[in-house]
Amino acid sequence: MAQIKSNIPIHYIKFKGLFSFSELLQSIRKWFEENDYRFEEPKHQWKVGEGIETEIKMKGERKINEYVRYDIDVFVRTFDMKEVEVIKEGQKIKTNDGRIAVEVSGVAIFDWQNRFSG
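Residues numbered from 1 in each chain as written. Predicted model: local features only at pLDDT ≥ 70, side-chain atom pairs only at ≥ 80, totals over all residues. Heavy atoms only, no water.

Caption draft 1: Expanded view of the sheet that holds strand β2 (residues 38-48). Pairing within the open sheet is antiparallel, and its 5 strands lie in the order β1-β5-β4-β3-β2. Looking at which strands have only one partner, the edges of the open sheet turn out to be β1 (4-19) and β2. Across the sheet, the axes of successive neighbouring strands diverge by a mean angle of 15 degrees, strand direction being ignored. Pairing of strand β3 (residues 52-63) with strand β4 (residues 68-88) involves 11 bridges; the strand directions are antiparallel. Within β4, the position partnered with E55 by the bridge is R77. (Pairing = 2+ DSSP bridges. Helix = DSSP H or I, 4+ residues; strand = E, 2+ residues; numbered from the N terminus. Axes fitted to C-alpha atoms, helices over the stretch in contact; angles between N-to-C directions.)

Caption draft 2: Structural view of the environment of I87. Structurally, I87 can be placed in strand β4. Taking the C-alpha atoms as reference points, I87 and R99, separated by 12 residues in sequence, lie 20 Å from one another.

Caption draft 3: Main features of the pattern of salt bridges. If you walk through the whole model with that rule in mind, you get 12 salt bridges. Put simply, R38 and E40 hold a salt bridge, and the shortest N to O gap is 3.6 Å. Accessibility expressed as a relative area gives 46% for R38, which makes it partly exposed. Overall, the relative accessible area of 33% leaves E40 in the partly exposed class. A salt bridge links R38 to E61; the nearest nitrogen and oxygen atoms lie 3.6 Å apart. Placement of the pair is R38 in strand β2 and E61 in strand β3, with a sequence separation of 23 residues. One continuous salt-bridge network, built from bridges that share partners, spans R38, E40, E61, R69 and D71. (Salt bridge = Lys/Arg side-chain N within 4 Å of Asp/Glu carboxyl O. Buried < 20%, exposed > 50% of the residue type's maximum accessible area, 1.4 Å probe, protein only.)

Here it is, written out as structure tokens:
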């Protein structure tokens, strides 16, 4: 038996408004670490115009056992992002304003080492 891949449905998250871009990225990284995924960030692009546009791809890989491995891809894009100051609980804080789109996809790979064929 060769590798069998079972795709996990793609989930989309879209948001427009105030958000903390750095906290979003940190929380995604933290989730991968807390759930024992090997984390990598193969793509990180910034484009500055009237607003900042970013494209960030994050990948996580977790070996469940000798037969099953999970791969998760997270693709984060921002549009028209600007740094703004807001007053929260009486203090000025810097945050971001703009649009953000997050795409989460994954795959479960069975016999990922090709050890159970034949």
